[in-house]
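Working through the structure, step by step
Here is what each chain is made of, one letter per residue.
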Amino acid sequence: VQLQASGGGLVQAGGSLRLSCAASGSIASINDMGWYRQAPGKQRELVAVVTSGGSTNYADLVKDRFTIPRDNAKNTVYLQMNSLKSDDTAVYYCKAKVLRWTGRFTDYWGQGTQVTVSS
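Presented here is a report on the structure given in the accompanying data block. (Residues numbered from 1 in each chain as written. Predicted model: local features only at pLDDT ≥ 70, side-chain atom pairs only at ≥ 80, totals over all residues. Heavy atoms only, no water.)

Digging into the overall build of the protein
Of the regular secondary structure elements, the protein holds zero helices and twelve strands. Secondary structure elements of the protein occur, N-terminal to C-terminal, as β-β-β-β-β-β-β-β-β-β-β-β. Its C-alpha radius of gyration of 14 Å places the protein within 12% of the 14 Å reference for a compact globule of 119 residues. Considering only C-alpha atoms, the protein reaches an extent of 50 × 25 × 20 Å along its principal axes. By residue count, 38% of the 119 residues in the protein fall in the buried class. Partitioning the contacts of the protein with sequence separation of at least 6, the portion at a separation of at least 24 is 54%. Counting every atom, the protein has about 6400 Å² of accessible surface; 46% of that belongs to carbon and sulfur. Across the protein, the 13 positively charged side chains and the 8 negatively charged ones have centroids separated by 6 Å. (Helix = DSSP H or I, 4+ residues; strand = E, 2+ residues; numbered from the N terminus. Rg over C-alpha atoms; globule rule 2.2 N^0.38 Å. Buried < 20%, exposed > 50% of the residue type's maximum accessible area, 1.4 Å probe, protein only. Contact = heavy atoms within 4.5 Å. Areas by Shrake-Rupley, 256 points an atom, 1.4 Å probe, with all protein chains shown as cover. Lys, Arg positive; Asp, Glu negative; His and termini not counted. Charge placed at Lys NZ, Arg CZ, Asp CG, Glu CD.)

What to know about the packing of aromatic side chains
Tallying each qualifying case throughout the model produces one aromatic pair. Over the ring of Tyr-93 we find Arg-44; its NZ or CZ atom is 3.7 Å from the centre of that ring. For the cation-ring pair, Arg-44 lies above Trp-109, with the distance from its terminal atom to the ring centre recorded as 4.7 Å. (Phe/Tyr/Trp six-rings, centres within 6.5 Å; stacked < 30°, edge-to-face > 60°. Lys NZ or Arg CZ within 6 Å of the ring centre and 35° of its normal.)

Notes on the state of the cysteines
What the rule picks out here adds up to one disulfide. Each sulfur in the disulfide pair Cys-21 and Cys-94 lies 2.1 Å from the other. Torsion about the S-S bond of the Cys-21 and Cys-94 cystine: about 60°, corresponding to right-handed handedness. Of this pair, Cys-21 sits in strand E3 (residues 17–24) while Cys-94 sits in strand E10 (residues 90–99), and the two are 73 residues apart along the sequence. Per residue, the accessibility class of Cys-21 equals that of Cys-94, and both read buried. (Disulfide = S-S within 2.5 Å.)

Observations regarding the nonpolar core
Judged by nonpolar contacts, the single largest core of 30 residues is most densely connected at Trp-35, Val-47, Phe-66, Ile-68, Leu-79, Met-81 and Tyr-92. Within the residue set of this core, elements represented by two or more residues are strand E1 (2–6), E3, strand E4 (29–38), strand E5 (45–50), strand E9 (76–81), E10 and strand E12 (113–118). Top element by residues in this core is E10. It accounts for five residues. With sequence-adjacent residues up to four places away left out, Phe-66 is seen in contact with Arg-37, Val-47, Tyr-58, Leu-79, Gln-80, Met-81, Asn-82, Leu-84, Asp-88 and Tyr-92. (Core = buried A, V, L, I, M, F, W, Y, C linked by side-chain atoms within 4.5 Å.)

Structure (structure tokens):
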């Protein structure tokens, strides 16, 4: 199973970016999919998560600015980031809880994509 993240880049404060993360490989189904971020010198933190049924949960710092749509048919999760702030600068990682055909759930991480917000 591989998670391929894309969409990061440099954006001015107040701007928008859309990240994508596509899962591929031996996948029976995917439970939760989420985005995490890690800024320099800080621990990795949860940004947003979406269940297979579409329920979402957001970190307080991004509520009302970010959304996490998901396309189950494409095994893809997105992160729509609006009204970006310099504090949003970080490497963003996607994560998926995958049900393998063996019947076991395993967490997989994407490779990370850099988001830099200039003030």
